[in-house]
Every structure is written in C-alpha cells, then in structure tokens.
Amino acid sequence: FGPTLLFGQGGTAVEVINDTVVALPPLNLSHKTEVGGVRLDLATPEEVVTAAHAMLESVARLRPEATVRGFTVQEMVSGRGRVELILGIGTDRQFGPTLLFGQGGTAVEVINDTVVALPPLNLSLARASMRRTRVYRLLEGYREQPPADIDAVALTLVKLSQIAVDLPEVAELDINPLLAGPDGVIALDARITVAEPAPGRRLAIRPMPQDLTRAITLGDGRVLTLRPVVPEDEPMIRRLVERSSPEDVRLRFFAPLRTLSHEMAARFSQIDYDREMALVAEGEDAQDGRAIFGVVRITADPDNIRAEYGIMVRSDMKGLGLGYQLMQAIIAYGAKRGLERIEGQVLRENTQMLRMARELGFTVVNDPDDPSLMDVAIALGESHVL
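Residues numbered from 1 in each chain as written. Predicted model: local features only at pLDDT ≥ 70, side-chain atom pairs only at ≥ 80, totals over all residues. Heavy atoms only, no water.

Right, let's get into the packing of helix H3 (residues 123–130) against helix H5 (residues 150–166). In a pair of packed helices, the angle between the axes and the distance between the axes together describe the arrangement. Direction vectors running N to C along H3 and H5 enclose 110°, while the axes themselves pass 9 Å from each other. Comparing the axis directions of H3 and H5 gives the class roughly perpendicular. Each of Leu 123, Ala 126, Arg 127 and Met 130 in H3 lies in contact with H5, whose residues at this interface are Ile 150, Asp 151, Val 153, Ala 154, Leu 155, Leu 157 and Val 158. Grouping the constituent residues of the contact of H3 with H5 by class yields nine nonpolar, no polar and two charged. (Axes fitted to C-alpha atoms, helices over the stretch in contact; angles between N-to-C directions. Helix = DSSP H or I, 4+ residues; strand = E, 2+ residues; numbered from the N terminus. Parallel < 35°, antiparallel > 145°, perpendicular 65-115°, else oblique. Contact = heavy atoms within 4.5 Å. Nonpolar A, V, L, I, M, F, W, Y, C, P; charged D, E, K, R; others polar.)

With that settled, consider the sheet that holds strand S10 (residues 214–217). Strand order across the open sheet formed by eight strands is S10-S11-S12-S13-S14-S15-S17-S16, with mixed pairing between neighbours. Each having just a single partner strand, S10 and strand S16 (363–366) make up the two edges of the open sheet. If you compare each strand with its neighbour and ignore which way they point, the axes differ by 30° on average. Two strands pair when backbone bridges link them, and S10 and strand S11 (residues 223–228) are joined in this way by four bridges, in the antiparallel orientation. Within S11, the position partnered with Thr 217 by the bridge is Val 223. (Pairing = 2+ DSSP bridges.)

With that settled, consider helix H7 (residues 246–253). Of the positions making up H7, those classed as buried are Asp 248, Val 249 and Leu 251. Buried residues in H7, looked at end-on, bunch into an arc of 160°, giving them a common side. Along its buried surface, H7 packs onto helix H6 (234–242), strand S14 (306–313) and strand S15 (341–347). (Buried < 20%, exposed > 50% of the residue type's maximum accessible area, 1.4 Å probe, protein only. Arc of directions from axis to C-beta.)

Moving on, we come to the packing of helix H9 (residues 322–336) against helix H10 (residues 351–360). Taken N-terminus to C-terminus, the directions of H9 and H10 make an angle of 45°; their axes are 11 Å apart at the nearest point. In terms of their interaxial angle, H9 and H10 are classed as oblique. Like other packed secondary-structure pairs, H9 and H10 cross with a definite hand, here right-handed. Residues Gly 323, Tyr 324, Met 327, Gln 328 and Ile 331 of H9 form the contact with H10, whose participating residues are Met 356, Glu 359 and Leu 360. Residues that form the contact of H9 with H10 fall into these classes: five nonpolar, two polar and one charged. (Left-handed = near helix turned anticlockwise from the far one by under 90°.)

On to the layout of surface pockets. Taken as a whole, the second largest pocket spans an internal volume of roughly 780 Å³. Around the second largest pocket sit 31 residues that line it, and Ile 311, Met 312, Asn 350, Met 353 and Met 356 are the ones nearest its centre. At the level of elements, H7, strand S13 (289–300), S14, H9, S15 and H10 are the ones that each hand at least two residues to the lining of the second largest pocket. Among the elements that take part in the lining of the second largest pocket, S14 stands out by supplying six residues, more than any other. Class assignment of the residues belonging to the lining of the second largest pocket gives a composition of 15 nonpolar, nine polar and seven charged. (1 Å grid on protein atoms, 1.4 Å probe; cavity = no way out; pocket = protein on both sides within 12 Å on 5 of 7 lines; lining within 4 Å. Points joined across faces, edges and corners; volume = space filled by probe spheres on them.)

Structure, rendered in structure tokens:
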C-alpha cells in the first residue's frame, strides 16, 4: 500500500487526456490543498508524473506522519458558470446523524454559509433547508449567470439522507466541492469516515415506515395503495377536501370550510411518525390523475398510551368500504405499536361514522360537556394486530 500512480487515457491518442487533474486522497488528510495535494490543468502524462512526485515531497515535508496510499487522476472540470457547494453527513451526540448543506470550496469555514438538517429528508424538506442559506440565491441565477439545476442539488441531499438512514457505519461524509450548474451537479472531491455505530436509537426523526405500504381493494374492485402520508401529499390533501361536499367537510372538521390552507395541509402531511401516523389511500383519478381518496390519522399522547383519531373519505368514494378499511388499518397499527386505546369525538348527527365505529368495536357514549358530540373509544389488544 505504498505510493502508487494511476493514469487513465480516454482514447488512443495522447491528446485526449488534455485537461486532467491530480488529487491526493490520503485517509488522514482532510484538506489536501493545505499540503499541496491538488494539481490542476495538467495537459500531458509527463506533467502528471511530475505533479505526483512534487506532491509526495510536499506531504513528506509538511505532514510526515500522513500516509499516501495513491493518487486519483480526473478529467479537469471548469468551475465557470457553476456554484461550489458542500454537502455532508455528520454525527451529533444528542441528535444522531445530521446533514450539512452550504457554500463549499476551500474557504468553507471562513464563509460559514451552511445549514444543518435532520434526516430523513425528501425533496420538499431538502429544498426548504437549502433556502435557508445565502448561496441558494446564487443557485437561482443572477445577472448573466443562468440558474443551476436546483432539483439535482436537492436530489443529491436526499440521497445523502438515505445513506445516513440506511448505513449507520457512516459517521462522516463530505462532498466538497459539489459543482452545481445548469446541466446538473458533479462531485470533485469527497471524504468518508466509517465507525462502529453506537447502540440504541440513531435518528432524531423516525423515517417513514415503508412496511405499512400495501394494496387494498374497494367494493367496486378498484385497487388503491395504502401508505403513510409524506410531505409531498400536501396538494393532494387539499384536493381531497375540495372534491368533498361542504357537509362532509363540516362533519370532519366540526366547522364549515371551503378549502384547507397551505399551512393546514402542510401540518397534516408533515408529521412526526414517532408521535403521529396518517395513512392515505392513493390511486388514479380521471380528473386529477394521482389522487388521495381517503386519509386516517392518529395522534398519540406523550406516554404512548392513548391516541386520538380522525378520518375523511372523499364524498364520491363513500359506500365502497374505504372508510372501514382505513379504520381497520389504523387500529391494527395502533395495536402493533403498543397503544392501549384509540378514541375520538364524533358529531351526534354523523350517524354513518357512529354506525361504523360501533361495527368496529368502539364504545359510543354521550360527551358530558357538549350535547352535540359523542365520545367513541376502543381498547386495543393482540386481537387487533393484523
């Protein structure tokens, strides 16, 4: 594992390699530029070899304890028209894995334009985090500089989030710089630190439980996907309310509503899976394309003993058994996670909901404080786990 040289040629002609860069990636040198470990604009094989020997001499003089295990030769990429970013994974003693985004380059510590987020992230949350930095304004374009492919940057951050969730051995990971331009992103340098993960719960925010996703069949034979809600569902939840009758909306929210505000719909779709759960029934709709036809949710108390539920089915989907299946699914989930009781309040005039509650095993009693309401509750046990 002593010093080695790696050189690749893209074609049979030597001129093809005209624009190359040599980078030095020793495991114990985080900032290679500080020891002369990067050489740019190398046009010939001879220049590559000369630069490699110069690097070895520079590292031996400035950091004699460092181990040089090899060299990386890459095609030279121009930074013109691109923004230098830094993306990374870190580990916080209290919050566990964290994600970093901001302005990159050699002066990243001096500029200090970064934001820290908690995984898991989706595209909506990734963009929201990115907007909190000053460098985001550069990504949007300015003067004659065209905007960068912001979606590609956000997707890269989401992929790092997935690494943080799936690979607990990754203690640190830095991509610096990540060049972002109109044609996408390219990583010029990266480092990773692997360590034995600490025992116990890692993530501060519970990721979406993928195992709850399954297919359900309605009374008319239509097949829908039952899955946990995600933040991207916000527009479809608003359409669910808009496509329902004013009376059904009033029965669900105990007040007349024409539509849900963006803030309210976002609150319903951006949830903490550790305290809440919302299951949506999704399928294809002739008018809306992808649509949510029904949603059921529970919110647990801090002791994870009791949870309050709410349910809504689109008006034109009633009578197909969707509401019954949604309630069965949320009851089974509550029992599996160890809840002792699910309860709720129903308007006395909502006879259809009260009838379904009784059929599912809920007790139904008068609310002692409000004669217009009925209190419904069900005690959970092993028999409710599907």
